[in-house]
Amino acid sequence: MLDKIAVTGVGVVAPSGIGKRQFWANVKSGRSFIKEITRFDASKYPSHIAGQIDELEKYSHIPERLLKKIDAFSHMALIASELALQDAGIEIRNEDPNLIGIFLGNALGGWLYAETELRDMYIEGRQGVSPYMASAWFPAAPQGQVSIYYGIKGFSKTVVADRASSLEAIGYANKTLQKGKLNMILAGGMEAPVTPYALLCCNTYGGLSEDNEHPETAYRPFDKDKSGFVIAEGAGIMVLESVERAQKRGANIMATISGYASTCDGANRINPDTYGKQLARAIRLVLERAKTNPEEIDFISLDGLALDLWDNSEVTAIKEVFGNNTKDIPVSCPKSMFGNLLGASGALDTIITVLAMENGLIPPTINLENPNPNGLNYVANQAREYKINKALIISRGRGGINAVLIVEKP
(Lines give C-alpha, C1' and ligand atoms only; values in the text may rest on other atoms or scores of the structure.)
Protein backbone atom coordinates (compact mmCIF):
# COMPACT_ATOMS: atom_id res chain seq x y z
CA MET A 1 0.00 0.00 0.00
CA LEU A 2 1.37 3.41 -1.00
CA ASP A 3 2.20 5.89 1.76
CA LYS A 4 1.47 9.36 0.36
CA ILE A 5 -0.37 10.66 -2.68
CA ALA A 6 0.80 13.69 -4.66
CA VAL A 7 -1.23 16.72 -5.74
CA THR A 8 0.24 17.71 -9.11
CA GLY A 9 -2.35 20.08 -10.55
CA VAL A 10 -5.35 22.17 -9.50
CA GLY A 11 -8.26 23.67 -11.41
CA VAL A 12 -10.51 26.34 -9.89
CA VAL A 13 -13.78 27.91 -11.00
CA ALA A 14 -14.94 30.25 -8.24
CA PRO A 15 -16.52 33.66 -7.62
CA SER A 16 -13.05 34.99 -6.78
CA GLY A 17 -11.48 33.77 -10.00
CA ILE A 18 -11.19 31.13 -12.71
CA GLY A 19 -7.79 29.47 -12.85
CA LYS A 20 -5.40 29.22 -9.92
CA ARG A 21 -3.47 32.45 -10.63
CA GLN A 22 -6.47 34.75 -10.67
CA PHE A 23 -8.11 32.84 -7.83
CA TRP A 24 -5.01 33.00 -5.61
CA ALA A 25 -4.38 36.69 -6.33
CA ASN A 26 -7.91 37.59 -5.24
CA VAL A 27 -8.05 35.26 -2.24
CA LYS A 28 -4.77 36.47 -0.76
CA SER A 29 -5.95 40.10 -1.15
CA GLY A 30 -8.78 39.55 1.35
CA ARG A 31 -11.51 40.96 -0.91
CA SER A 32 -15.16 39.95 -0.70
CA PHE A 33 -16.83 38.52 -3.80
CA ILE A 34 -20.30 38.12 -2.31
CA LYS A 35 -23.04 40.29 -3.77
CA GLU A 36 -26.76 40.48 -4.37
CA ILE A 37 -28.15 37.89 -6.78
CA THR A 38 -28.99 39.60 -10.06
CA ARG A 39 -29.42 36.82 -12.67
CA PHE A 40 -33.04 36.34 -11.56
CA ASP A 41 -35.41 38.14 -9.20
CA ALA A 42 -34.40 36.79 -5.81
CA SER A 43 -35.72 39.71 -3.77
CA LYS A 44 -38.53 37.69 -2.15
CA TYR A 45 -36.19 35.06 -0.72
CA PRO A 46 -35.12 35.54 2.94
CA SER A 47 -31.47 35.36 1.81
CA HIS A 48 -30.77 36.65 -1.69
CA ILE A 49 -27.00 37.14 -1.74
CA ALA A 50 -24.36 34.74 -3.03
CA GLY A 51 -20.92 34.21 -4.47
CA GLN A 52 -21.58 34.11 -8.22
CA ILE A 53 -19.56 33.41 -11.37
CA ASP A 54 -20.30 35.77 -14.23
CA GLU A 55 -19.75 35.03 -17.92
CA LEU A 56 -18.67 31.43 -17.47
CA GLU A 57 -18.87 30.90 -21.23
CA LYS A 58 -15.94 33.27 -21.83
CA TYR A 59 -13.60 30.79 -20.16
CA SER A 60 -15.07 27.69 -21.73
CA HIS A 61 -13.49 25.22 -24.12
CA ILE A 62 -16.76 23.27 -24.24
CA PRO A 63 -18.63 23.03 -27.59
CA GLU A 64 -21.95 24.88 -27.78
CA ARG A 65 -23.75 21.65 -28.67
CA LEU A 66 -22.64 20.06 -25.40
CA LEU A 67 -23.54 23.09 -23.30
CA LYS A 68 -27.17 22.72 -24.38
CA LYS A 69 -27.21 19.22 -22.89
CA ILE A 70 -25.67 19.85 -19.46
CA ASP A 71 -26.28 21.84 -16.29
CA ALA A 72 -23.98 24.60 -15.04
CA PHE A 73 -22.40 22.34 -12.41
CA SER A 74 -21.21 19.94 -15.12
CA HIS A 75 -19.94 22.90 -17.15
CA MET A 76 -17.91 24.10 -14.17
CA ALA A 77 -16.55 20.59 -13.58
CA LEU A 78 -15.38 20.33 -17.20
CA ILE A 79 -13.57 23.67 -17.02
CA ALA A 80 -11.96 22.87 -13.66
CA SER A 81 -10.86 19.44 -14.95
CA GLU A 82 -9.22 20.96 -18.01
CA LEU A 83 -7.43 23.57 -15.88
CA ALA A 84 -6.22 20.88 -13.45
CA LEU A 85 -4.86 18.69 -16.26
CA GLN A 86 -3.09 21.66 -17.83
CA ASP A 87 -1.61 22.62 -14.47
CA ALA A 88 -0.37 19.07 -13.96
CA GLY A 89 1.17 18.97 -17.45
CA ILE A 90 -0.83 15.90 -18.42
CA GLU A 91 -1.86 15.07 -21.97
CA ILE A 92 -4.82 12.79 -21.37
CA ARG A 93 -4.48 11.07 -24.76
CA ASN A 94 -1.16 9.60 -23.66
CA GLU A 95 -2.69 7.96 -20.58
CA ASP A 96 -4.32 4.55 -20.22
CA PRO A 97 -8.03 5.49 -19.85
CA ASN A 98 -8.70 2.32 -17.85
CA LEU A 99 -6.34 3.52 -15.10
CA ILE A 100 -7.75 7.03 -14.63
CA GLY A 101 -10.58 7.72 -12.18
CA ILE A 102 -12.94 10.59 -11.38
CA PHE A 103 -14.00 11.18 -7.76
CA LEU A 104 -16.33 14.16 -7.35
CA GLY A 105 -18.75 15.43 -4.73
CA ASN A 106 -21.75 17.76 -4.59
CA ALA A 107 -24.81 18.24 -2.44
CA LEU A 108 -27.64 19.47 -4.67
CA GLY A 109 -27.25 18.27 -8.25
CA GLY A 110 -28.05 20.35 -11.33
CA TRP A 111 -31.19 22.29 -10.57
CA LEU A 112 -31.00 25.05 -13.19
CA TYR A 113 -31.51 22.50 -15.94
CA ALA A 114 -34.05 20.52 -13.93
CA GLU A 115 -36.30 23.41 -12.89
CA THR A 116 -36.32 24.81 -16.43
CA GLU A 117 -37.47 21.49 -17.88
CA LEU A 118 -40.04 20.90 -15.13
CA ARG A 119 -41.51 24.33 -15.86
CA ASP A 120 -41.70 23.43 -19.57
CA MET A 121 -43.41 20.15 -18.71
CA TYR A 122 -46.03 22.03 -16.68
CA ILE A 123 -46.67 24.47 -19.55
CA GLU A 124 -46.22 22.28 -22.65
CA GLY A 125 -46.64 18.74 -21.41
CA ARG A 126 -44.09 15.96 -21.75
CA GLN A 127 -43.32 16.96 -25.34
CA GLY A 128 -41.76 20.17 -24.03
CA VAL A 129 -39.16 18.38 -21.89
CA SER A 130 -35.63 18.01 -23.25
CA PRO A 131 -34.50 14.39 -23.70
CA TYR A 132 -31.29 15.41 -21.90
CA MET A 133 -33.14 16.19 -18.69
CA ALA A 134 -32.53 12.69 -17.31
CA SER A 135 -28.77 12.94 -17.78
CA ALA A 136 -28.29 16.61 -16.83
CA TRP A 137 -29.57 17.11 -13.29
CA PHE A 138 -28.54 14.12 -11.16
CA PRO A 139 -25.51 14.40 -8.82
CA ALA A 140 -23.30 12.01 -10.82
CA ALA A 141 -23.79 13.94 -14.09
CA PRO A 142 -20.47 15.86 -13.86
CA GLN A 143 -18.56 12.63 -13.30
CA GLY A 144 -20.24 11.18 -16.38
CA GLN A 145 -19.62 14.25 -18.54
CA VAL A 146 -15.94 14.46 -17.61
CA SER A 147 -15.49 10.73 -18.30
CA ILE A 148 -17.19 11.02 -21.70
CA TYR A 149 -15.30 14.18 -22.67
CA TYR A 150 -11.88 12.62 -21.99
CA GLY A 151 -12.72 8.96 -22.61
CA ILE A 152 -11.91 8.04 -19.01
CA LYS A 153 -12.93 4.47 -18.16
CA GLY A 154 -11.41 3.72 -14.76
CA PHE A 155 -13.07 3.11 -11.37
CA SER A 156 -14.87 6.32 -10.38
CA LYS A 157 -17.30 7.62 -7.75
CA THR A 158 -19.66 10.49 -6.98
CA VAL A 159 -20.11 11.30 -3.29
CA VAL A 160 -23.17 13.09 -1.85
CA ALA A 161 -22.56 13.90 1.81
CA ASP A 162 -23.97 17.42 2.20
CA ARG A 163 -21.21 20.04 2.61
CA ALA A 164 -18.59 17.36 3.28
CA SER A 165 -19.12 15.77 -0.16
CA SER A 166 -15.96 16.90 -1.97
CA LEU A 167 -13.57 16.30 0.92
CA GLU A 168 -15.08 12.81 1.26
CA ALA A 169 -14.49 12.36 -2.50
CA ILE A 170 -10.86 13.44 -2.15
CA GLY A 171 -10.42 11.07 0.80
CA TYR A 172 -11.96 8.21 -1.19
CA ALA A 173 -9.67 9.00 -4.14
CA ASN A 174 -6.66 9.01 -1.83
CA LYS A 175 -7.52 5.53 -0.48
CA THR A 176 -8.07 4.17 -4.00
CA LEU A 177 -4.68 5.41 -5.20
CA GLN A 178 -2.97 4.07 -2.09
CA LYS A 179 -4.27 0.60 -2.97
CA GLY A 180 -2.78 0.91 -6.48
CA LYS A 181 -6.10 0.51 -8.28
CA LEU A 182 -5.51 3.50 -10.58
CA ASN A 183 -2.64 5.59 -11.92
CA MET A 184 -4.32 8.96 -11.58
CA ILE A 185 -7.55 10.52 -10.30
CA LEU A 186 -9.36 13.79 -10.92
CA ALA A 187 -10.78 14.58 -7.48
CA GLY A 188 -12.85 17.44 -6.09
CA GLY A 189 -16.34 18.84 -6.33
CA MET A 190 -18.72 21.33 -7.92
CA GLU A 191 -21.95 23.08 -6.94
CA ALA A 192 -24.40 25.41 -8.70
CA PRO A 193 -27.01 26.56 -6.13
CA VAL A 194 -27.64 30.07 -7.49
CA THR A 195 -30.90 29.19 -9.26
CA PRO A 196 -34.51 29.90 -8.23
CA TYR A 197 -35.38 26.44 -6.91
CA ALA A 198 -31.94 25.64 -5.50
CA LEU A 199 -31.92 28.97 -3.66
CA LEU A 200 -35.34 28.09 -2.22
CA CYS A 201 -33.93 24.76 -1.02
CA CYS A 202 -30.94 26.49 0.54
CA ASN A 203 -33.18 28.97 2.35
CA THR A 204 -35.31 26.06 3.60
CA TYR A 205 -32.07 24.30 4.60
CA GLY A 206 -31.66 26.98 7.28
CA GLY A 207 -28.62 28.87 8.50
CA LEU A 208 -28.26 31.37 5.64
CA SER A 209 -27.36 34.94 6.49
CA GLU A 210 -30.21 37.36 5.77
CA ASP A 211 -27.98 40.44 5.91
CA ASN A 212 -28.91 41.28 2.34
CA GLU A 213 -28.13 44.98 2.75
CA HIS A 214 -24.45 44.27 3.40
CA PRO A 215 -23.45 41.30 1.21
CA GLU A 216 -19.69 41.92 1.47
CA THR A 217 -19.76 41.56 5.26
CA ALA A 218 -22.64 39.09 5.64
CA TYR A 219 -20.52 35.93 5.97
CA ARG A 220 -18.75 36.28 9.33
CA PRO A 221 -17.57 32.87 10.59
CA PHE A 222 -16.28 32.84 14.19
CA ASP A 223 -17.29 36.48 14.70
CA LYS A 224 -19.51 37.67 17.57
CA ASP A 225 -21.92 39.20 15.06
CA LYS A 226 -22.18 36.11 12.83
CA SER A 227 -25.58 35.67 11.16
CA GLY A 228 -25.16 32.51 9.11
CA PHE A 229 -23.39 31.45 5.93
CA VAL A 230 -23.73 32.61 2.31
CA ILE A 231 -24.01 30.16 -0.60
CA ALA A 232 -21.71 30.17 -3.61
CA GLU A 233 -21.23 28.34 -6.89
CA GLY A 234 -18.11 26.90 -8.44
CA ALA A 235 -15.82 23.91 -8.78
CA GLY A 236 -12.43 22.76 -7.53
CA ILE A 237 -10.64 19.75 -8.98
CA MET A 238 -7.16 18.35 -8.33
CA VAL A 239 -4.97 15.85 -10.14
CA LEU A 240 -3.87 13.12 -7.72
CA GLU A 241 -1.28 10.44 -8.43
CA SER A 242 1.36 8.47 -6.58
CA VAL A 243 4.52 10.31 -5.59
CA GLU A 244 6.58 7.74 -7.52
CA ARG A 245 4.64 8.29 -10.74
CA ALA A 246 4.77 12.08 -10.35
CA GLN A 247 8.54 12.01 -9.81
CA LYS A 248 9.04 9.67 -12.75
CA ARG A 249 7.32 12.04 -15.16
CA GLY A 250 9.04 15.10 -13.67
CA ALA A 251 5.83 16.67 -12.36
CA ASN A 252 5.68 19.60 -9.95
CA ILE A 253 4.46 18.05 -6.69
CA MET A 254 2.48 20.83 -5.04
CA ALA A 255 1.65 18.86 -1.90
CA THR A 256 1.11 15.33 -0.65
CA ILE A 257 -1.93 13.86 1.08
CA SER A 258 -0.78 11.88 4.09
CA GLY A 259 -4.03 11.12 5.90
CA TYR A 260 -7.81 11.17 5.76
CA ALA A 261 -10.54 10.28 8.26
CA SER A 262 -14.31 10.53 8.51
CA THR A 263 -16.75 10.08 11.40
CA CYS A 264 -20.40 10.79 12.13
CA ASP A 265 -21.83 12.31 15.31
CA GLY A 266 -25.05 10.27 15.25
CA ALA A 267 -26.66 12.97 17.37
CA ASN A 268 -29.24 14.74 15.19
CA ARG A 269 -30.51 14.49 11.62
CA ILE A 270 -29.36 18.08 10.97
CA ASN A 271 -27.23 19.53 13.75
CA PRO A 272 -23.82 18.36 14.99
CA ASP A 273 -22.97 17.19 18.45
CA THR A 274 -22.71 20.22 20.73
CA TYR A 275 -19.24 19.27 21.99
CA GLY A 276 -17.71 18.08 18.70
CA LYS A 277 -16.65 14.74 20.17
CA GLN A 278 -16.71 12.86 16.88
CA LEU A 279 -14.98 15.71 15.05
CA ALA A 280 -12.23 15.49 17.66
CA ARG A 281 -12.11 11.72 17.09
CA ALA A 282 -11.80 12.25 13.31
CA ILE A 283 -8.88 14.64 13.90
CA ARG A 284 -7.14 12.11 16.14
CA LEU A 285 -7.70 9.38 13.56
CA VAL A 286 -6.24 11.44 10.71
CA LEU A 287 -3.21 12.40 12.81
CA GLU A 288 -2.62 8.72 13.57
CA ARG A 289 -2.99 7.71 9.91
CA ALA A 290 -0.66 10.50 8.81
CA LYS A 291 1.87 9.48 11.49
CA THR A 292 1.76 13.08 12.71
CA ASN A 293 1.86 14.53 16.20
CA PRO A 294 -0.57 17.37 17.00
CA GLU A 295 2.30 19.83 17.50
CA GLU A 296 3.47 19.19 13.91
CA ILE A 297 0.35 20.81 12.40
CA ASP A 298 1.23 24.31 11.16
CA PHE A 299 -2.18 25.43 9.87
CA ILE A 300 -5.87 24.46 10.18
CA SER A 301 -8.41 25.24 7.45
CA LEU A 302 -11.73 25.73 9.23
CA ASP A 303 -15.21 24.66 8.11
CA GLY A 304 -16.70 27.91 9.46
CA LEU A 305 -20.47 27.80 8.97
CA ALA A 306 -21.00 31.08 10.88
CA LEU A 307 -23.63 29.54 13.15
CA ASP A 308 -23.04 29.36 16.91
CA LEU A 309 -23.58 25.61 17.30
CA TRP A 310 -21.33 24.70 14.36
CA ASP A 311 -18.54 27.20 15.04
CA ASN A 312 -18.51 26.55 18.78
CA SER A 313 -18.38 22.76 18.41
CA GLU A 314 -15.60 23.06 15.80
CA VAL A 315 -13.50 25.20 18.14
CA THR A 316 -14.22 22.86 21.08
CA ALA A 317 -13.04 19.84 19.06
CA ILE A 318 -9.83 21.61 17.99
CA LYS A 319 -9.06 22.63 21.57
CA GLU A 320 -9.70 19.10 22.81
CA VAL A 321 -7.15 17.62 20.40
CA PHE A 322 -4.48 20.31 20.32
CA GLY A 323 -4.70 21.49 23.95
CA ASN A 324 -2.15 24.16 24.84
CA ASN A 325 -0.78 24.19 21.27
CA THR A 326 -4.11 25.53 19.96
CA LYS A 327 -3.09 29.15 20.50
CA ASP A 328 0.05 28.68 18.38
CA ILE A 329 -1.57 27.17 15.25
CA PRO A 330 -2.82 29.70 12.68
CA VAL A 331 -6.38 28.98 11.55
CA SER A 332 -8.46 30.54 8.79
CA CYS A 333 -11.71 30.24 6.85
CA PRO A 334 -11.03 31.92 3.47
CA LYS A 335 -14.45 30.93 2.08
CA SER A 336 -15.75 33.97 3.99
CA MET A 337 -14.56 35.94 0.92
CA PHE A 338 -16.49 34.12 -1.78
CA GLY A 339 -19.15 32.05 -0.03
CA ASN A 340 -19.78 28.46 0.97
CA LEU A 341 -19.80 26.12 -2.03
CA LEU A 342 -21.75 23.51 -0.05
CA GLY A 343 -20.71 20.12 -1.44
CA ALA A 344 -17.71 21.65 -3.23
CA SER A 345 -16.46 23.64 -0.22
CA GLY A 346 -13.94 21.03 0.94
CA ALA A 347 -12.28 20.90 -2.48
CA LEU A 348 -11.82 24.69 -2.52
CA ASP A 349 -10.52 24.61 1.05
CA THR A 350 -7.97 21.97 0.04
CA ILE A 351 -6.82 23.91 -3.02
CA ILE A 352 -6.45 27.10 -0.96
CA THR A 353 -4.41 25.18 1.61
CA VAL A 354 -2.14 23.74 -1.08
CA LEU A 355 -1.60 27.20 -2.59
CA ALA A 356 -0.99 28.69 0.88
CA MET A 357 1.62 26.00 1.50
CA GLU A 358 3.26 26.63 -1.86
CA ASN A 359 3.37 30.43 -1.41
CA GLY A 360 4.08 30.63 2.32
CA LEU A 361 1.04 32.84 2.85
CA ILE A 362 -2.22 32.16 4.71
CA PRO A 363 -5.30 33.91 3.25
CA PRO A 364 -7.51 35.53 5.88
CA THR A 365 -10.93 35.04 7.36
CA ILE A 366 -12.54 38.36 6.49
CA ASN A 367 -15.21 40.19 8.53
CA LEU A 368 -13.64 38.81 11.70
CA GLU A 369 -13.69 41.83 14.01
CA ASN A 370 -14.68 40.28 17.36
CA PRO A 371 -13.70 36.58 17.51
CA ASN A 372 -16.25 34.42 19.27
CA PRO A 373 -15.53 31.75 20.35
CA ASN A 374 -12.04 32.78 21.45
CA GLY A 375 -8.97 30.68 21.96
CA LEU A 376 -7.87 30.13 18.35
CA ASN A 377 -5.06 31.86 16.48
CA TYR A 378 -7.27 33.40 13.78
CA VAL A 379 -5.70 34.88 10.64
CA ALA A 380 -8.15 37.77 10.49
CA ASN A 381 -8.87 40.27 7.70
CA GLN A 382 -5.45 40.24 6.04
CA ALA A 383 -3.11 37.52 4.83
CA ARG A 384 -0.23 36.38 7.01
CA GLU A 385 3.17 35.18 5.80
CA TYR A 386 3.75 31.78 7.35
CA LYS A 387 5.66 28.64 6.46
CA ILE A 388 3.34 25.63 6.34
CA ASN A 389 4.76 22.11 6.33
CA LYS A 390 1.67 20.22 7.47
CA ALA A 391 -1.93 21.39 7.37
CA LEU A 392 -5.28 20.04 8.56
CA ILE A 393 -8.48 20.63 6.57
CA ILE A 394 -11.93 20.26 8.18
CA SER A 395 -15.21 19.86 6.29
CA ARG A 396 -18.55 19.05 7.92
CA GLY A 397 -22.09 18.26 6.79
CA ARG A 398 -25.58 18.08 8.22
CA GLY A 399 -26.33 15.08 10.35
CA GLY A 400 -22.93 15.30 11.99
CA ILE A 401 -20.67 14.27 9.08
CA ASN A 402 -17.02 15.04 9.84
CA ALA A 403 -14.31 14.79 7.17
CA VAL A 404 -10.68 15.66 7.88
CA LEU A 405 -7.63 15.65 5.60
CA ILE A 406 -3.90 16.28 6.18
CA VAL A 407 -1.71 17.66 3.41
CA GLU A 408 2.06 18.13 3.59
CA LYS A 409 4.66 20.20 1.81
CA PRO A 410 6.68 17.86 -0.42
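What counts, and at which threshold
Residues numbered from 1 in each chain as written. Predicted model: local features only at pLDDT ≥ 70, side-chain atom pairs only at ≥ 80, totals over all residues. Heavy atoms only, no water. Helix = DSSP H or I, 4+ residues; strand = E, 2+ residues; numbered from the N terminus. Rg over C-alpha atoms; globule rule 2.2 N^0.38 Å. Buried < 20%, exposed > 50% of the residue type's maximum accessible area, 1.4 Å probe, protein only. Areas by Shrake-Rupley, 256 points an atom, 1.4 Å probe, with all protein chains shown as cover. Lys, Arg positive; Asp, Glu negative; His and termini not counted. Charge placed at Lys NZ, Arg CZ, Asp CG, Glu CD. Phe/Tyr/Trp six-rings, centres within 6.5 Å; stacked < 30°, edge-to-face > 60°. Salt bridge = Lys/Arg side-chain N within 4 Å of Asp/Glu carboxyl O. Polar contact = N/O pair within 3.5 Å; in protein donor to acceptor, adjacent residues only side chain to side chain. Contact = heavy atoms within 4.5 Å. Core = buried A, V, L, I, M, F, W, Y, C linked by side-chain atoms within 4.5 Å. Axes fitted to C-alpha atoms, helices over the stretch in contact; angles between N-to-C directions. Parallel < 35°, antiparallel > 145°, perpendicular 65-115°, else oblique. Left-handed = near helix turned anticlockwise from the far one by under 90°. Nonpolar A, V, L, I, M, F, W, Y, C, P; charged D, E, K, R; others polar.

S.K.: Can you walk me through the overall build of the chain in this structure?
M.R.: Within the chain, the regular secondary structure consists of twelve helices and 16 strands. Its C-alpha radius of gyration of 20 Å places the chain within 12% of the 22 Å reference for a compact globule of 410 residues. Along the first, second and third principal axes, the C-alpha atoms of the chain reach 65 × 55 × 40 Å. Expressed as a percentage of the 410 residues in the chain, the buried residues total 61%. Total accessible area computed for the chain in this model is approximately 15900 Å², and 47% of it derives from carbon and sulfur atoms. Side chains of the chain give 42 positive and 46 negative charges; the mean places of these two sets differ by 5 Å.

S.K.: What's the story with the side chain of Asn-367 in this structure? I'm lost.
M.R.: Tracing the backbone through its elements, the reader meets Asn-367 in the loop between β12 (361-362) and β13 (377-378). Given the relative accessible area of 8%, Asn-367 is considered buried.

S.K.: In this structure, what is going on with the packing of aromatic side chains? I would like to understand it.
M.R.: Given two aromatic rings, their pairing is described by the distance between the two centres and the angle made by the two planes. In this structure the tally under the stated criterion is ten aromatic pairs. Judged by centre distance (6.3 Å) and plane angle (75°), the rings of Phe-40 and Tyr-45 are edge-to-face. Owing to a relative accessible area of 17%, Phe-40 belongs among the buried residues under this scheme. Look at Tyr-45 and you get buried, because its relative accessible area is 17%. Between Tyr-149 and Tyr-150 the ring centres are 5.0 Å apart and the planes differ by 85°, which places this aromatic pair in the edge-to-face class.

S.K.: Any chance you could explain the side chain of Asp-273 here in plain terms?
M.R.: One can find Asp-273 in the loop between β9 (255-264) and α10 (277-289). No salt bridge is formed by the buried Asp-273, whose closest oppositely charged neighbour, Lys-277, lies at an N-O distance of 7.0 Å. Within polar-contact distance, the side chain of Asp-273 engages the backbone nitrogen of Gly-276 at 3.1 Å. Residues within four places of Asp-273 in sequence aside, it is in contact with Asp-265, Ala-267 and Ser-313.

S.K.: What's the story with the nonpolar core in this structure? I'm lost.
M.R.: Nonpolar side chains in soluble globular proteins tend to be buried together. Ranked by size, the top nonpolar core spans 52 residues in total, and within it Phe-23, Ile-170, Leu-240, Phe-338 and Leu-405 carry the most contacts. Among all residues touching Ile-170, those that are not within four sequence positions of it are Ala-187, Gly-188, Met-238, Leu-240, Ile-257, Ala-347, Thr-350 and Leu-405. Within the second largest apolar cluster, 33 residues are counted, among which are Ile-90, Ile-92, Met-190 and Ile-237.

S.K.: Would you take a moment to explain the environment of Val-286 for this structure?
M.R.: Residue placement: Val-286 occurs in helix α10. Between the C-alpha atoms of Val-286 and Tyr-378, which are 92 residues apart in sequence, the distance is 22 Å. Apart from residues no more than four positions distant in its own chain, Val-286 is found in contact with Gly-259, Tyr-260, Ala-261, Leu-392, Val-404, Leu-405 and Ile-406.

S.K.: Quick question: what am I supposed to make of the packing of α10 against helix α11 (residues 308-322) here?
M.R.: Geometrically, a packed helix pair is captured by the angle between its two axes and the distance between the axes. Packing of α10 against α11 brings their axes to within 8 Å, and their N-to-C directions diverge by 45°. Considering their axes alone, α10 and α11 lie oblique with respect to each other. In this structure, the crossing between α10 and α11 has a hand that is right-handed. Two secondary-structure elements touch here, α10 through Lys-277, Leu-279, Ala-280, Ile-283, Arg-284 and Leu-287 and α11 through Glu-314, Ala-317, Ile-318, Glu-320, Val-321 and Phe-322. Within the contact of α10 with α11, the residues separate by chemical class into eight nonpolar, no polar and four charged.

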